[in-house]
Amino acid sequence: MANLIVIGTQWGDEGKGKIIDLVTPSFDVVARYQGGHNAGHTVSLQGQKIVLHLIPTGILHPQKLCLIGNGVVLDPQSFLDEISTLQSTGVHINDNLAISKKAHLILPYHSQIEKVEEMRRGKGKIGTTCRGIGPSYTDKAARCGIRVGDVLNLAELKGKIQENVKKKNLYLSHFGGPSLDAEKTFKIAKDYASKISSYIKDVSLILDEQIQKGKSILFEGAQGTLLDVDHGTYPYVTSSNCTTGGVCTGLGIGPDKIDGVLGVTKAYTTRVGRGPFPTEIFEEEGDRLLKRGNEFGATTGRPRRCGWFDSVAVAYSCRINGIKKMALTKPDVLDGLEEIKVCVGYKYKGERLRTFPTEKWVLEKVVPQYKKIKGWKKPVHGIRDFHRLPQNFRDYMRLIEDLTQTNISLVSTGMDRTDTLIIENQLDRMVNIQKIMENYHT
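The rules behind the values
- Residues numbered from 1 in each chain as written.
- Predicted model: local features only at pLDDT ≥ 70, side-chain atom pairs only at ≥ 80, totals over all residues.
- Heavy atoms only, no water.
- Helix = DSSP H or I, 4+ residues; strand = E, 2+ residues; numbered from the N terminus.
- Rg over C-alpha atoms; globule rule 2.2 N^0.38 Å.
- Buried < 20%, exposed > 50% of the residue type's maximum accessible area, 1.4 Å probe, protein only.
- Contact = heavy atoms within 4.5 Å.
- Areas by Shrake-Rupley, 256 points an atom, 1.4 Å probe, with all protein chains shown as cover.
- Lys, Arg positive; Asp, Glu negative; His and termini not counted.
- Charge placed at Lys NZ, Arg CZ, Asp CG, Glu CD.
- 1 Å grid on protein atoms, 1.4 Å probe; cavity = no way out; pocket = protein on both sides within 12 Å on 5 of 7 lines; lining within 4 Å.
- Points joined across faces, edges and corners; volume = space filled by probe spheres on them.
- Nonpolar A, V, L, I, M, F, W, Y, C, P; charged D, E, K, R; others polar.
- Salt bridge = Lys/Arg side-chain N within 4 Å of Asp/Glu carboxyl O.
- Polar contact = N/O pair within 3.5 Å; in protein donor to acceptor, adjacent residues only side chain to side chain.
- Pairing = 2+ DSSP bridges.
- Axes fitted to C-alpha atoms, helices over the stretch in contact; angles between N-to-C directions.
- Core = buried A, V, L, I, M, F, W, Y, C linked by side-chain atoms within 4.5 Å.
- Parallel < 35°, antiparallel > 145°, perpendicular 65-115°, else oblique.
- Left-handed = near helix turned anticlockwise from the far one by under 90°.

**Structural notes on the overall build of the chain**
Each helix and strand in the chain was counted, giving 14 helices and 20 strands. For the chain, whose C-alpha radius of gyration is 22 Å, the value lies close to the compact-globule estimate of 22 Å for 442 residues. Burial status across the chain gives 58% buried among its 442 residues. A separation of at least 24 residues holds for 75% of the contacts in the chain among residues at least 6 apart in sequence. Of the roughly 19000 Å² of accessible surface on the chain, a fraction of 48% belongs to carbon and sulfur atoms. Looking at the chain, you have 61 positive and 49 negative side-chain charges, and the mean spots of the two groups are 3 Å apart.

**A look at empty space enclosed by the protein**
Summed over the entire model, instances satisfying the criterion amount to two cavities of 30 Å³ or more. There is about 40 Å³ of room inside the largest cavity. Contributing to the lining of the largest cavity are Arg-32, Ala-39, Gly-40, His-41, Leu-52, His-53, Leu-54, Ile-55, Glu-220 and Ala-222. Residues that form the lining of the largest cavity fall into these classes: five nonpolar, three polar and two charged. Along its surface, the second largest cavity is lined by Ile-281, Glu-285, Arg-288, Leu-289, Trp-308 and Leu-337. Within the lining of the second largest cavity, the residues separate by chemical class into four nonpolar, no polar and two charged.

**A short note on the pattern of salt bridges**
On inspection of all chains with the given rule, the structure shows 18 salt bridges. We note a salt bridge from Lys-16 to Glu-14, for which the minimum N-O separation is 2.8 Å. By relative accessible area, which is 4% here, Lys-16 ends up buried. Here the residues in one salt-bridge network are Asp-13, Lys-266, Glu-295, Arg-304 and Lys-330, joined through shared partners.

**Quick notes on the environment of Ile-196**
In this structure, Ile-196 sits in helix H6 (residues 182-196). By relative accessible area, Ile-196 is classed as buried at 0%. Along the chain, Ile-196 and Ala-98 lie 98 residues apart, while their C-alpha atoms are 9.5 Å from each other.

**Looking at the side chain of Ser-216**
Inspection of the secondary structure puts Ser-216 in the loop between helix H7 (203-212) and strand E10 (217-220). With a relative accessible area of 2%, Ser-216 lands in the buried category. Within the structure, the side chain of Ser-216 is placed 3.4 Å from the backbone oxygen of Ser-26, a separation counted as a polar contact.

**Remarks on the pairing of strand E15 (residues 325-329)**
With five of its five residues buried, E15 lies for the most part within the structure. A two-sided burial pattern is seen for E15, the buried positions comprising Lys-325, Ala-327 and Thr-329 on one face and Met-326 and Leu-328 on the other. Sheet topology places E15 next to strand E19 (residues 407-412); four bridges connect them, and they run parallel. Directly across from Leu-328, in E19, lies its bridge partner Val-411.

**Focus on the sheet that holds strand E2 (residues 29-32)**
Spatially, 10 strands are ordered E9-E7-E5-E2-E10-E1-E11-E15-E19-E20 in an open sheet, and the strand pairing comes out mixed. Here the strands that pair on one side only, and so sit at the sheet edges, are strand E9 (200-201) and strand E20 (420-422). With five bridges connecting them, strand E1 (residues 4-8) and strand E11 (residues 260-266) associate as parallel partners. The residue bridging Val-6 from the neighbouring strand is Leu-262, located in E11. Helix H1 (residues 16-23) rests against E1, E10, E11, E15, E19 and E20 of the sheet, and its axis sits at about 160° to E1.

**Brief notes about the nonpolar core**
In this structure, Leu-67, Leu-207, Phe-219, Leu-334, Phe-393 and Tyr-396 are the most contacted members of the largest nonpolar core, which totals 52 residues. In terms of residue count, helix H12 (residues 391-404) provides more of this core than any other element does, five residues in total. Residues Phe-79, Ile-99, Leu-105 and Ile-113 belong to the second largest nonpolar core, which totals 40 residues.

**Considering the packing of helix H2 (residues 76-88) against H6**
Running from amino to carboxyl end, H2 crosses H6 at an angle of 40°, the nearest separation of the two axes being 10 Å. Between H2 and H6, the crossing angle belongs to the class labelled oblique. Where H2 crosses over H6, the two elements pack in a sense that is left-handed. Contacts from Pro-76, Gln-77, Phe-79 and Leu-80 of H2 reach H6 at Tyr-192, Lys-195 and Ile-196. Residue classes in the contact of H2 with H6 are distributed as five nonpolar, one polar and one charged.

**Comments concerning the environment of Lys-18**
Structurally, the position occupied by Lys-18 is in helix H1. Lys-18 sits in the buried class, given a relative accessible area of 8%. Between the C-alpha atom of Lys-18 and that of Thr-57, which follows or precedes it by 39 residues, the distance is 8.6 Å. Contacts of Lys-18, omitting those with residues within four sequence positions, involve Thr-42, Val-43, Ser-412, Thr-413, Gly-414, Met-415, Asp-416, Arg-417, Asp-419 and Thr-420. Engagement of the side chain of Lys-18 in a polar contact is seen with the backbone oxygen of Asp-419, the distance being 2.8 Å.

Right under this line is the structure:
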């Protein structure tokens, strides 16, 4: 079987959790390559809602090896809480989970720093979750970060914490933030060390060994392409590379080990937090999508901003990620609409743009160009047979395919695993269709 990346094409919240959970039976290993506990993958399993923030979605499947790569920033308390929650639901966790020794830690002072930074920005604040993800990546780039593997050497760990706290206190005191206690911080980290040390491994080496044995890998990221720190709508982005390139740097594997990319896109668009959003819709129409789509953050509970499908943004994501096949999620939220708009282009200062602009000052002023299509009366919710889909919805699918130059291989028509339509001739080279279908009945 091929090694596959599943990646979001919008501002996150595309429904990657369900898609990853759905295709996991085709793979032996599920590896998370970036992000922190500010993102959540939501999976509905036999009517039970499960939200995962750090641990790969594959943990919900028996006999799958789950790996957290060096590109992730790990909050130990969040990690331990997640393990506890999963175990309370009957999920087995032992030698089936490993953390890269090269991943960086999020310690209590990181969230303190981020809160002060957001306060300083005033009206220009990013809208972060203030969970310390950005400051941890900052320390990593500044070469003063503390890595997961450092907890295996308490003397090394203590020295690094003392040096970091000294620097952080200078910053915090200047802007009126709380003072940090190095000894208290070390005691917290030391306690974490005793609880997470058994999970710390050389993830890059494990991956290579698995591939050499002929095992197949599913690569799982967080957020979406438009939040990538390099290719997203900077500065309203996350602090890591959630695009396909992040797989190699975030796990320590070569690009020749990647065989395919499956993009995940929502049938409309959502965005949480601040930043430009060209197709955003307001008032009654926006509220309708918000409520019908239950568009509230899996991690923070924040309401998401809603808008029409933006083919300019998604086509850009497909181009930079090499996406040729896509999973379309939540079309059932559009059931019953008389008319649906699709953004087919942007104009800026009266001229048509050739591609998605990532400059804030341009994206804030683009005028979306819409194509209006008829909605579908017959609900698509729960349909699992392509030929039973309403013709107007099929037309909507074809329009998205044409505008993004991709093929829709899978359609999610509801929350549950079984609410899925698989277009076999599009997907069978990337995943084992038989294993997916067998999983429907377990």
